[in-house]
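Analysis of the macromolecular model
For reference, the chains in residue letters:
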Amino acid sequence: MNFELTSKYRELIVWFFVFCLLVSLPIRFYFLQKYEFETALNKSKASSERTLKLLSRRGKILDRNFQILAEDIPSYEVGIQVNNFSFDPSHISLISKILDIDSKNLKNKLSNKKRKYIVLNHNASQDELNKLKEEKIPGIRSIYKYKRSYPEGEILSQVVGLTNFENKGQEGIELSVNKKLSGKDGFKKYVRTNKGEIIETQIIPPNHGQDITTTLDAKLQYLVYQELKKAFDYYKASSASAILVDLKSKDILAMANYPSFNPNDRRGMNPNLLANRSATDLFEPGSTVKPLALAGLLQEDVIYKDTIVKTSPGYIEYEGFLTSDFKDYGTLNLSDVISKSSNVAMVKLCDKSNSEEIIKNFYKWGFGKYINEIFISNREGYLPSSADLSAREKVSLCYGYGLQVTLIQLVGAYTALFSNGQFQGLNLISGSYNVNENEIISSEIAEEIKIMLSEAVNNGTGRNALVKNTRIIGKTGTTKRLTNQGYNEESFNASFIGMAELDDKDYVLGILVRDAKENGEGGGQVAAPVFSKIIKSIQNTL
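Calculation criteria
Residues numbered from 1 in each chain as written. Predicted model: local features only at pLDDT ≥ 70, side-chain atom pairs only at ≥ 80, totals over all residues. Heavy atoms only, no water. Axes fitted to C-alpha atoms, helices over the stretch in contact; angles between N-to-C directions. Helix = DSSP H or I, 4+ residues; strand = E, 2+ residues; numbered from the N terminus. Parallel < 35°, antiparallel > 145°, perpendicular 65-115°, else oblique. Left-handed = near helix turned anticlockwise from the far one by under 90°. Contact = heavy atoms within 4.5 Å. Nonpolar A, V, L, I, M, F, W, Y, C, P; charged D, E, K, R; others polar. Expected span 1.5 Å × (residues − 1). Buried < 20%, exposed > 50% of the residue type's maximum accessible area, 1.4 Å probe, protein only.

1. Notes on the packing of helix H3 (residues 89-99) against helix H5 (residues 126-134)
Between two packed helices, both the angle of their axes relative to each other and the distance between the axes serve to describe the pair. Relative orientation of the contacting elements H3 and H5 amounts to 165 degrees, with a least axis distance of 10 Å. Overall, the two elements H3 and H5 adopt an arrangement that is roughly antiparallel. In this structure, H3 crosses over H5, and the sense of that crossing is right-handed. Here H3 contributes Ile95, Ile98 and Leu99 to the contact with H5, which in turn contributes Glu128, Lys131 and Leu132. For the contact of H3 with H5, a count of residues per class yields four nonpolar, no polar and two charged.

2. Things to note about helix H9 (residues 218-234)
Residues separated by three or four positions in an α-helix point in the same direction, a consequence of the helix having 3.6 residues per turn. Taking 1.5 Å per residue as the helical rise, H9 with its 17 residues ought to reach 24 Å, and the 24 Å between its terminal C-alpha atoms agrees with that figure. Taken as a whole, H9 has its buried residues at Ala218, Leu220, Gln221, Leu223, Val224, Tyr225, Glu227, Leu228, Ala231 and Phe232. Of the surrounding secondary structure, the elements contacted by the buried residues of H9 are strand E3 (68-81), strand E11 (239-246), strand E12 (251-258), strand E21 (506-514) and helix H18 (523-541). Once H9 ends, the next one or two residues include lysine 236, with phi positive near 50 degrees.

3. Describing unusual backbone geometry
Here the residue pair tyrosine 258 and proline 259 is connected by a cis peptide bond, since its omega of 5 degrees sits within 30 degrees of zero. On the secondary structure map, proline 259 appears in the loop between E12 and helix H10 (277-280). Residue serine 312 is joined to proline 313 through a cis peptide bond whose omega torsion reads 10 degrees. Position of proline 313 among the secondary structure elements: in the loop between strand E13 (308-310) and strand E14 (315-318). Positive phi is not limited to glycine here, since asparagine 167 has a value of about 65 degrees. By secondary structure assignment, the location of asparagine 167 is in the loop between strand E6 (162-163) and strand E7 (169-171). In the Ramachandran plot, aspartate 515 falls in the positive-phi region, its phi being about 60 degrees despite a non-glycine side chain. Inspection of the secondary structure puts aspartate 515 in the loop between E21 and H18.

Okay, here's the thing in structure tokens:
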């Protein structure tokens with residue numbers, strides 16, 4: 001009796017649980033459909049959905065004639081999937097030979113058992129990849145990408161700059177307008193069925209980077225670069241820089257430095273050569289600022305065009321310091337002061353002015369501030385505060401000591417001087433022109449200074465800048481090089497800034513040769529001849 005009752009209860013309990021299970025199933029299906037359908041659908045799509053990146057190209061950098069200075073070309077990242085690699089010594093040798101990598105270094109990487117993938121080359125060419133495929137080496141993988149190519153190589157590298165292995169700008173124009181040059185990758189999404197059929201596709205096309213046209217002229221850049229290279233070798237200099245400007249448009253046509261580097265070959269590249277030294281190297285300008293200082297004194301009526309200066313006996317002791325000329329020039333007019341480059345005369349003339357006016361004049365010429373309109377890295381230089389200047393420091397400024405400038409600042413100042421005293425700035429990127437002009441000096445004073453600079457070339461320190469049947473005006477400069485230990489008495493910066501009037505246009509050209517060790521040392525002996533040779537090369541080419 002009790003046994004039958006117990007069995008009946010057990011049967012009822014079992015049927016109860018079966019009933020609950022049957023009731024719960026549709027309820028569960030309902031909630032799944034209502035609340036988890038989207039999740040399930042997304043999981044299903046994820047397992048069958050694929051995304052393909054559509055690469056964007058970085059914009060080209062072009063010269064004024066649309067010659068390519070930098071562009072993206074097809075490339076491949078090549079690597080080894082270690083667990084699929086054969087570890088065959090012959091394969092290791094082939095990889096090293098084809099990709100020009102150190103076999104010992106590759107063996108060391110392969111010996112690391114923790115590494116699953118090894119990048120062999122970030123920017124392998126199509127030819128290199130084809131050779132690897134022909135050898136049928138197991139485990140080789142490749143990813144299509146773009147790499148930067150620089151057709152002009154070392155000639156323009158410090159101005160154009162370069163990108164890193166991710167193709168982002170690191171130096172020069174590549175860095176300064178990186179945002180415009182950079183593109184945005186697109187993508188292609190598609191859903192594939194179990195049978196391999198594509199049932200859904202979404203395409204977002206890539207946005208390629210913007211092309212940038214510069215004011216540079218690749219042909220003129222080549223001529224300037226070659227002459228700098230010759231000067232570097234002949235004078236056994238530590239380096240040389242030059243900037244060529246179209247006077248009318250204010251366009252920078254060439255901006256060269258030597259030595260340089262090849263941006264297409266990064267192995268063993270000297271990082272000290274990356275900087276565009278014509279825009280970043282600071283130096284004391286020496287006598288090249290004398291015409292600018294003299295112009296400021298004339299503008300402020302501190303002196304007049306008929307002013308004469310007695311420079312005998314060829315030196316002057318001022319505030320406890322001795323300033324000398326090359327020899328005793330006697331009594332000089334203002335044109336003679338410039339053509340003979342008299343330091344004594346500049347001390348006497350600038351003694352008549354006050355520190356504030358002298359500093360203000362140099363600032364108007366563009367010293368002591370950045371040149372933002374050229375869109376590349378540059379230095380503001382050093383212009384002391386007028387409040388901190390001693391009388392001695394004040395007069396030293398007028399013959400180019402106690403301030404520091406870059407070559408591009410000096411070329412910009414002379415471009416303004418040769419433009420009737422109107423400062424407009426220089427251009428490097430086409431379409432980014434500064435149309436505002438600021439008068440630094442009157443056109444009459446500018447013309448007087450130009451006549452003095454003509455005399456300085458024809459009969460003064462700049463004779464070696466002369467070019468036959470061409471009007472050349474300009475000024476030499478020679479300064480001792482400043483080091484951490486003070487002035488080096490045996491090392492000089494030689495400079496010449498001038499203008500050449502050719503048939504088609506007028507050119508402003510600035511030359512700076514650093515630390516010439518043979519065949520000359522000063523601006524007249526070293527920089528002026530380089531100026532002349534560059535202008536002759538331009539004449540012969542154009």
